[in-house]
Structures are given as structure tokens and as C-alpha cells.
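Now for the letters of each chain:
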Amino acid sequence: MTTTKDHVELVAELVRLLETRLLDPLEILLTSDELLHPIRARLRVEAEVWAAQLLGADREGATMTAARLIGALFPGDGPFDPPESWWRTALGRAVARAAGHPAAVTVSYSTAGAMLGITRQGVHDLVKRGKLDKHPDGGVTTSSIRDRLNRPQESTPWHHKT
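Please read all numbers here as calculations on a predicted model, not as lab measurements.

Asker: When you look at the confidence of the model for the protein chain in this model, what are you seeing that I'm missing?
Answerer: Do not read the predicted coordinates in detail wherever pLDDT is low. For the protein chain, mean pLDDT is 89; residues scoring 70 or higher make up 93% of the total. Mean pLDDT across the elements of the protein chain bottoms out in helix H7 (residues 142-150) (91) and peaks in helix H2 (residues 37-55) (95). Long-range and interchain partners of residues 155-162, a stretch whose pLDDT sits below 50, account for zero contacts in this model, where long-range means more than four residues apart.

Structure representation (C-alpha cells):
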């Protein structure tokens, strides 16, 4: 379950990434910020929409949005393989919920831990208890990570999230 805080944090991160990865280089090339004002304003609005799509219930739409954003913000010739620290960012967490790992069927235990926000040992425990799927070739399936991130949170009368 996502919160307003998750949405606000994701929008802020998207705006920052759009600025640094797309607009700043254009500003250097065009030598004028004036031309970018309307684009900057539009991208701020779009960041709100993209955040809502990434965090929304439509998994297929969220996956498509994640793919578009990753393609635009992190271009490269090889498959998308972010460092473990990326999975702890607002965008990383949203992508993990929406698509798992967009370029891998399986990931290492330490990457799985980063995607889930837990330790590597925590991943071992979840695999041992059958809560995450171990891939026959090693590692953890990204689909089981995505499913775990999207499962309804258990609530108990003595534990309240703040």
C-alpha cells in the first residue's frame, strides 16, 4: 500500500532526475533557460501523473510507465542494471513494486534485499520459509519480489504504522 508521502517523494525524485538528466544538458546546448520554461513546467505536471501511474493499481500501466522512464532517464546500450543503492530510492522502490527488476528474471540475495528494503539474511529467511521463490540457477525470482511488495500488509491490533 502506498501513501501520499510515497507519492510526494516519488514526484520530487522524478522532477530532480528530469532536471539533471534531460533539462540541464539541453540548457547547456541551447545556452538559454528561456526556451525550457514551458517544458520544465510540463514535466513537473507529467511527473505527478507518472508517479500516480507507478504507484497505482494498474500493474500493466505501471510497468509500461516504469519502462518509459527508465529508457529515457537511464539510457544505455546494455540491459538496465542499477546498483543496489538505486533500489532504495523512491523510483527504485516504485519500479520494484510495478515491474520487479525490468531486465532480470532473477537477482542475487543482496539485490533482493535492497529491492525489499531488508538485509540479505532477511531474504534467506524469506526463501527458507517459502515467502520468496529461489530460482533453480540461484538467486531470487524478481516476480516473487514484486509479488511480496504488492501483497496486502498484515495488521495486528498491537502494531500501528505511523
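Asker: What is the right way to read the packing of helix H3 (residues 59-73) against helix H4 (residues 90-99) from this model?
Answerer: In helix packing, the relevant descriptors are the interaxial angle and the interaxial distance, both defined with respect to the helix axes. Interaxial distance between H3 and H4 falls to 8 Å at its minimum, and their mutual angle equals 135°. Comparing the axis directions of H3 and H4 gives the class oblique. By crossing handedness, the relation of H3 to H4 is classed as left-handed. For the pair H3 and H4, contact is made by Arg59, Ala62, Thr63, Ala66 and Ile70 and by Val95, Ala98 and Ala99, respectively. When grouped by side-chain class, the residues that make up the contact of H3 with H4 number six nonpolar, one polar and one charged.

Asker: When you look at helix H6 (residues 120-128) in this model, what are you seeing that I'm missing?
Answerer: Buried within H6 are the following residues: Gly122, Val123, Leu126 and Val127. In a view along the axis of H6, the buried residues occupy a sector of 140°, so they form one face of it. On its buried face, H6 is in contact with helix H5 (109-116), strand E2 (140-141) and H7. Two residues or fewer after H6 comes Gly130, characterised by a positive phi angle close to 80°.

Asker: Explain H3 to me, please; I cannot follow it from the model alone.
Answerer: One full turn of an α-helix is made of 3.6 residues, so residues set three or four places apart face in the same direction. Taking 1.5 Å per residue as the helical rise, H3 with its 15 residues ought to reach 21 Å, and the 21 Å between its terminal C-alpha atoms agrees with that figure. Within H3, burial applies to Ala62, Thr65, Ala66, Leu69, Ile70 and Leu73. Across the axial projection of H3, the buried residues extend over an arc of 130°, all falling on one side. Exposed and oriented more than 90 degrees from the buried face of H3 are Glu60, Met64 and Arg68. Against the buried residues of H3 lie helix H1 (4-30), H2 and H4. Taking the backbone nitrogen of Glu60 as reference, a side-chain oxygen 3.3 Å away marks Asp58 as the first, capping residue of H3.

About the cut-offs
Position numbers for residues start from 1 in each chain and track the written sequence from start to end. The predicted nature of this model means local features are confined to residues of pLDDT at least 70 and side-chain atom pairs, given and counted, to a pLDDT of 80 or more, with totals for whole chains, interfaces and linings taken over all residues. Side-chain metrics in this entry use all non-hydrogen atoms of the structure; hydrogen atoms and water are not considered. In predicted models, pLDDT denotes the confidence assigned by the predictor to each residue on a 0 to 100 scale. Per the convention used, a helix needs a DSSP run of H or I reaching at least four residues, while a strand needs a run of E reaching at least two, with both numbered from the N terminus. By the convention used here, residues are in contact when the closest approach between their heavy atoms is within 4.5 Å. The convention used is that axes are lines fitted to C-alpha atoms, helices contributing only their stretch in contact, and that angles between N-to-C directions extend from 0 to 180 degrees. Roughly parallel here means an angle under 35 degrees, roughly antiparallel means over 145, roughly perpendicular means 65 to 115, and every remaining angle is called oblique. Rotating anticlockwise by less than a right angle from the far helix to the near helix defines a left-handed crossing, while the corresponding clockwise rotation defines a right-handed one. Throughout, the ten residues Ala, Val, Leu, Ile, Met, Phe, Trp, Tyr, Cys and Pro are labelled nonpolar, Asp, Glu, Lys and Arg are labelled charged, and all others, Gly among them, are labelled polar. Only protein chains enter the accessibility calculation, which uses a 1.4 Å probe. A residue is then buried if its area is under 20% of the maximum for its type, exposed if over 50%, and partly exposed in between. Arc, as used here, means the arc of the directions from the helix axis to the C-beta atoms. Here the expected span of a helix is defined as 1.5 Å times the quantity of residues minus one. Whenever a nitrogen or oxygen atom comes within 3.5 Å of another N or O atom, the pair is scored as a polar contact, on the condition that within protein one atom can donate a hydrogen and the other can accept it, and that pairs from neighbouring residues in sequence are kept only if both atoms are in side chains.

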